[in-house]
Amino acid sequence: MKINFKTSGVCCREMNLVVDENNIITDVEFVGGCDGNLSGIAKLVVGLNALDVAQKLEGTTCGSKMTSCPDQLSRAIRENLK
């Protein structure tokens, strides 16, 4: 399943990810944002169960923001995998 997610409240504008039939993340692309941090997150989550990733990242904040790129990734997964 290909997921395209428009973010809100973070520097990254969009997230594109691919999740296979076993809910394993096979690819992640972040558009905009902090390249080093986001490429690191991508390397960490590829090969993992998407729902496990969503659970671990949910609620992460960035500075004084109520959300973060990891939290937005969690939302992208949860909104598209039920």
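In what follows, the structure referred to is the one given above.
Residues numbered from 1 in each chain as written. Predicted model: local features only at pLDDT ≥ 70, side-chain atom pairs only at ≥ 80, totals over all residues. Heavy atoms only, no water.

Q: Lay out the nonpolar core in plain terms, naming residues and giving numbers.
A: Residues Leu-17, Ile-25, Phe-30, Leu-73 and Ile-77 are the most contacted members of the largest nonpolar core, which totals 23 residues. At the level of secondary structure, the elements contributing two or more residues to this core comprise β1 (2-6), β2 (12-19), β3 (25-32), α1 (35-45), α2 (50-57) and α3 (69-80). In contact with Ile-25, other than residues within four places in its own chain, are Val-18, Val-19, Val-45, Val-46, Gly-47, Leu-48, Ala-50, Val-53 and Ile-77. (Core = buried A, V, L, I, M, F, W, Y, C linked by side-chain atoms within 4.5 Å. Buried < 20%, exposed > 50% of the residue type's maximum accessible area, 1.4 Å probe, protein only. Helix = DSSP H or I, 4+ residues; strand = E, 2+ residues; numbered from the N terminus. Contact = heavy atoms within 4.5 Å.)

Q: Hey, could you go over the pattern of salt bridges for me, with residue numbers and the actual values?
A: The tally for this structure, following the rule as stated, stands at 3 salt bridges. Between Lys-6 and Glu-14 there is a salt bridge, with its nearest N and O atoms 2.9 Å apart. Given a relative accessible area of 54%, Lys-6 falls into the exposed group. (Salt bridge = Lys/Arg side-chain N within 4 Å of Asp/Glu carboxyl O.)

Q: Residues and numbers for α2, please.
A: For α2, every residue scored as buried is listed here: Ala-50, Val-53, Ala-54 and Leu-57. Along the long axis of α2, the arc covered by the buried residues comes to 100°, so they all point the same way. Projecting away from the buried face of α2 at angles above 90 degrees are the exposed residues Gln-55 and Lys-56. Taken together, the buried residues of α2 touch β2, β3, α1 and α3. With a side-chain oxygen positioned 2.9 Å from the backbone nitrogen of Leu-51, the residue opening α2 is Asn-49. (Arc of directions from axis to C-beta. Polar contact = N/O pair within 3.5 Å; in protein donor to acceptor, adjacent residues only side chain to side chain.)

Q: Now, about the sheet that holds β1: what can you tell me, with residues and values included?
A: Read across the sheet, 3 strands follow the order β1-β2-β3 without closing on themselves; strand pairing throughout is antiparallel. The open sheet terminates on both sides in strands that have one partner only, identified here as β1 and β3. Neighbour to neighbour, the strand axes of the sheet diverge by 15° on average, direction disregarded. With 7 bridges joining them, β2 and β3 adopt antiparallel strand pairing. In the strand pairing of β3, Val-18 is matched with Asp-27. (Pairing = 2+ DSSP bridges. Axes fitted to C-alpha atoms, helices over the stretch in contact; angles between N-to-C directions.)

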